[in-house]
Amino acid sequence: MHAPPFRRNELGLVQTTRPVTPDELIHYAGDLLCADLLQRRSLKDPVEAREFLRLRVANQTREVFGVAFLDNRHRLLHFEIMFQGTISSTTVHPREIARRALELNAAAVILTHNHPSNDPEPSMMDYEITRRISDTLALVDVRIVDHLVMCRDSSVSLSDRGWRDDGLHKPPR
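As the structure is a prediction and not an experimental result, all values here were calculated from the model.

1. Comments concerning the pairing of strand E3 (residues 64–70)
- Buried residues dominate E3, accounting for 7 of its 7 residues.
- Going residue by residue along E3, you find Val64, Gly66, Ala68 and Leu70 tucked away on one face and Phe65, Val67 and Phe69 tucked away on the opposite face as well.
- Bridge count between E3 and strand E4 (residues 76–84): 7 bridges; the pairing is antiparallel. Looking across to E4, one finds that Gly66 is bridged to Ile81.
- The antiparallel hairpin formed by E3 and E4 contains 5 residues in its connecting segment, where His74 sits at a positive phi of about 65°.
- Of the pairings in the sheet, the one linking E3 to strand E5 (residues 108–114) comprises 6 bridges and is antiparallel in character. The residue of E5 that forms the bridge with Gly66 is Thr112.

And the structure:
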């Protein structure tokens, strides 16, 4: 068994215990940011939410689908990568997101997934799964704040593209 690659010294500073890969460093930075957000911040600031989620999913080599579970003030309760797929798709089960939202007593969620191709343009399937998740979560009074498609260099917000969690579910034309 290997020693963890990071540890805190007596001053609280983080040190590496061995050489680390860029992916390990990015993953650890995401863990630190998540711990910080769990302690004090909400994800109301769209820029902060995007950066947090980009750190969590953008550098994955295959498509992953994550959910940030929020309380009624949009404070982060928990972030979880719930589904993993191939280099171009992943299967998402809305009922599992609803089950987890209920377990965590979440009032809202931010959905995110990556496009390993580094093209953040949402597909019609992205809009369709967002609609299906929205319909499922509406049954338990959990709202979708946004669905972000993340890449290494950029991201796209479905709400910025006209999608709203208001029952209308209008993808772009």
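2. Digging into the pairing of strand E6 (residues 143–150)
- Burial of E6 is extensive: 6 of the 8 residues sit out of reach of the surface.
- The pairing of E5 with E6 spans 7 bridges and is classified as parallel. Bridged to Ala108 within E6 is Arg143.
- Read from E5 through helix H4 (residues 124–138) to E6, the crossover connection turns out right-handed.
- Examined bridge by bridge, E6 and strand E7 (residues 155–157) share 3 bridges and lie antiparallel to one another. Looking across to E7, one finds that Val149 is bridged to Val156.
- Here E6 hands over to E7 after 4 residues, the two strands then running antiparallel side by side.

Analysis parameters
Residues take numbers from 1 onward in each chain, read along the sequence in its written order. Totals for whole chains, interfaces and linings use every residue, but because this is a predicted model, local features are given only for residues with pLDDT of at least 70 and side-chain atom pairs only at 80 or more, for both listing and counting. No hydrogens and no water enter the side-chain calculation; it runs on all heavy atoms of the structure. Categorising residues by exposure relies on relative accessible area from a 1.4 Å probe, with only protein chains included: less than 20% of the type maximum marks a residue as buried, more than 50% marks it as exposed, and the intermediate range marks it as partly exposed. Segments assigned H or I by DSSP are reported as helices when at least four residues long, segments assigned E as strands when at least two residues long, and all are numbered from the N terminus. Two strands form a pair only when DSSP identifies at least two bridges running between them. Crossovers are marked right-handed if the path from the first strand over the helix to the second runs clockwise, as seen with the strands pointing away from the viewer.

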